[in-house]
Amino acid sequence: MPPTAPGPVAPPPRPAAAPVDAGALRRWAGAALTVLGRHREEIDALNVFPIADSDTGTNMYLTFEAACRALDDRMAAPGPAPSVPEALQALAHGALLGARGNSGVILSQLLRGAAGARYTGSAVDGAALAAGLAAAAELAYEAVARPAAGTILSVAAAAAEAASAAAVAIGELAARAEAPAGGPETPVPPASPVSPGSPVSPGPSVSSGSAVPPGPPVPNPLTANDSLAYVAQATAAGAREALGRTTDQLDVLREAGVVDAGGLGLVVILDTLAAYTGGLDPRGALRQRRLAAVRALEPAPAPARPEPEFEVIYLLEAADEAVAGLRAALDDFCERGGGDSLVVVGGDGLWRVHVHVDDAGFALEAGIAAGRPRDIQITHLASQHSPGAQSAPSAEPPAVSASAAPPLRPVRAVVAVAYGAGIAALLEEAGAHVLRAEPGRPPGAADFERAVAATRASEVVLLPNDSETTAVAAAVAERLSAGQPAMRVAAVPAKVTVQGIAALAVHEPSRRFDADVVAMTAAAGATRYGAIEVAAAEAWTMAGVCRPGQVLGHVENDVALIEDDQAAAAEAVLERMLSAGGEMVTLVIGDGTEPGMPEAVTERVRMRHPVVDVVVYDGGQTGYPLLIGVE
């Protein structure tokens, strides 16, 4: 897998200059997933409602990751490229299948609502975004049995209201521009009307003499993309303001001195949309910004009644009318004191049910009466947030599987991601359980979880070997470790294959688990990485404009140089990397390597740096003729 940022690809067109299509939607979703991953732990730290189990950020990240993978599958399928509504449907379906926790289930319903909105015209403009957000907020409110103010629902509703007001302002400006000189101006109705009784209202009517809502100046002249960027910025601003109000809307948030964790996750996603549609790279624009002040959380006061024992989540295949009965039965059960946090989302025969209950059997029996439950997850909530739960043994297991699983073995295993047959063989030879991945399709959370389960080990170390997959591995490790007290899972942030190789070289199963993870992490972090790549087309890079066939030299995350042949590029990359010192060079040869290049590079290093050891492996990776590591 690429060890650095994407190489010989021209920068994507600024969203303000190109119509939004499924590809643009996927690029935004990928950027949002990256930013959500960076703030995952911060969001987890805020999580005190409905249960202080510190996993809201992780659950939202894994849910959105499943959504992105579903869109990837849809775009890779044979046939014409999907439209924007079809791409949104794929995102929503993937989120439904992969929804984790209360926040993830609600996020999947928000995506479903956005996908179900009526989009007109060929371009996605501000009015379309407002319509999608209104539908998303309304559908999310309908899914929650007892909506509370000060949650992700409040933030979603405020975002939709801000979007609607911005769309009205833009529509009015367009009407003024089209009106005959000196003629009457016709007020423009809201672009995204909401049904009566909805929690989302389009805001006050904006007449021809009214002021434009606060926010960025309305673009003039208007294009579809200008209006999209304007509404997206207004949406993000409205969401951030609503997030700040959540602290005073919910007693548990006020006592802890924090904003709502799920609301913050939604703000991250909408902030990324605003940056992307405004022509910025959201991954860079939001990289260093801490999104919320996190105070040291004090233990929350004891609830009026004991919190439910179990979180029950399952997919349900059932007809709409049967789900209505299920929802009523579970709601009545919760009303009588048996549970809370009931959320039922989905449609078209497939639903995701989430509820906190004292009697997990009742929740499952209700699902069986309505249809066919599957993908059942039952978690003992007390073990997720009780003081000392991670170290003290519990009389009740914190996670109960719906099907019997073989017992864990008291051994340690390493799950390493491999791109290429040669790399897979190398990692297997080093003792790792290999998770094979294809170029352009890194493994997702479900892939890591299956690989961990297959090892049957009680201690597992994950080596993602890809920069975009490190957050997925970390989230999976936290989730699995929290769910099973007998299991310990940790992720080493190996961003490239050569870092994974370095980590495996110091792996020692006889050490304490924590000491082994620290040693592997240190080895990976001490390995600088680079690569060479052949440009497929003319493109702009950090080193200048390259022509097709020229060789790009990557150092860490930058294209550092352009040469006319592979050997010259590899030697130049190595000289730059060794200028900071080093004792060992690792070369991993891939497909498309010029004959004699590895030997020439090896000889050059030995001549100029005689004290540096050189190790060469046949990796067989595609796209990069040579991966380079320096320790």
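Up top is the structure these notes are about.
Summarised in this report is the structure supplied together with it. What you see is a predicted model, and the numbers here were worked out from it, not measured in a lab. Throughout this description, residue numbers start from 1 for each chain and increase along the sequence as written. At least 70 in pLDDT is required for a residue's local features to be given in this predicted model, at least 80 for side-chain atom pairs to be given and counted, and no such filter applies to totals for whole chains, interfaces and linings, which use all residues. Side-chain metrics rest on all non-hydrogen atoms present in the structure, leaving aside hydrogens and water.

So, the overall build of the protein chain
Here's step 1: Assigned secondary structure in the protein chain consists of 21 helices and 17 strands.
Here's step 2: Two residues form a contact once any of their heavy atoms are found within 4.5 Å. Long-range pairs, those at least 24 residues apart, make up 72% of the contacts in the protein chain with a sequence separation of at least 6.
Here's step 3: Method for areas: the Shrake-Rupley scheme with a 1.4 Å probe, in which residue coverage is limited to the protein chains shown. Put simply, the protein chain shows about 26,800 Å² of open surface, and 55% of that area lies on carbon and sulfur atoms. Here a strand is any run of E in DSSP of at least two residues, a helix any run of H or I of at least four, and the numbering for each starts at the N terminus.

Notes on the environment of Met 542
Here's step 1: With respect to the element layout, Met 542 can be found in the loop between β11 (539-541) and β12 (544-546).
Here's step 2: As a C-alpha pair, Met 542 and Val 559 span 17 residues in sequence and 5.6 Å in three-dimensional space.

With respect to the pairing of strand β2 (residues 339-347)
Here's step 1: Think of it in three bands: with a 1.4 Å probe and only protein chains considered, a residue is buried below 20% of the maximum accessible area for its type, exposed above 50%, and partly exposed in between. Taken across its nine residues, β2 has eight buried, putting it largely inside the fold.
Here's step 2: Whether two strands pair comes down to DSSP finding at least two bridges between them. Bridge analysis of β2 against strand β3 (residues 350-357) gives seven bridges, and the strand direction is antiparallel. When the bridges of β3 are listed, Val 343 appears paired with His 354.

Focus: the packing of aromatic side chains
Here's step 1: Working definition: a ring pair exists when centres of Phe, Tyr or Trp rings (six-membered ring for Trp) sit within 6.5 Å. Plane angles under 30 degrees give stacked, over 60 give edge-to-face, the rest tilted. Under the defined criterion, the tally for this structure stands at one aromatic pair.
Here's step 2: Taking the centre distance of 6.1 Å and the plane angle of 80° together, the rings of Trp 28 and Phe 64 count as edge-to-face. Remark: Phe 64 occurs in helix α3 (residues 56-76) and Trp 28 occurs in helix α1 (residues 22-38); sequence separation between them is 36 residues. Taken as a pair, Trp 28 and Phe 64 share a single burial class, namely buried.

Looking at helix α16 (residues 445-455)
Here's step 1: Looking only at α16, the buried set comprises Ala 445, Asp 447, Phe 448, Ala 451, Val 452 and Thr 455. One side of α16 holds all its buried residues, which, seen down the axis, span an arc of 165°. In α16, the exposed positions angled more than 90 degrees off the buried face are occupied by Arg 450, Ala 453 and Ala 454.
Here's step 2: Count one or two residues on from α16 and you reach Arg 456, which has phi positive near 60°. By construction, the arc corresponds to the directions joining the helix axis to the C-beta atoms.

Points about the pattern of salt bridges
Here's step 1: When a carboxyl oxygen of Asp or Glu is within 4 Å of a side-chain nitrogen of Lys or Arg, the pair counts as a salt bridge. Taken as a whole and judged by the stated rule, the model has 15 salt bridges.
Here's step 2: The partner of Asp 271 in a salt bridge is Arg 240, and the shortest N-O contact between them spans 2.4 Å. Here Arg 240 lies in helix α8 (residues 224-249) and Asp 271 lies in helix α10 (residues 261-277), a separation of 31 residues in the sequence.
Here's step 3: Residue Asp 447 pairs with Arg 450 through a salt bridge whose shortest N-O separation is 2.7 Å. Here Asp 447 and its partner Arg 450 are both found in helix α16, three residues apart, which amounts to about one turn of the helix.
Here's step 4: For Arg 450, a relative accessible area of 54% puts it in the exposed group.

A few points about a negative patch on the surface
Here's step 1: The patch calculation keeps residues exceeding 30% relative accessible area without a salt bridge and links them within 9 Å when they carry like charges or within 5 Å when they are nonpolar (Val, Leu, Ile, Met, Phe, Trp, Tyr). His is not counted, nor are the chain ends, whereas Lys and Arg count as positive and Asp and Glu as negative. To locate a charge, take atom NZ for lysine, CZ for arginine, CG for aspartate or CD for glutamate. Residues Glu 309, Asp 358, Asp 359 and Glu 365 make up a contiguous surface patch of negative charge.
Here's step 2: By the secondary structure assignment, Asp 359 is in the loop between β3 and α13 (360-370).

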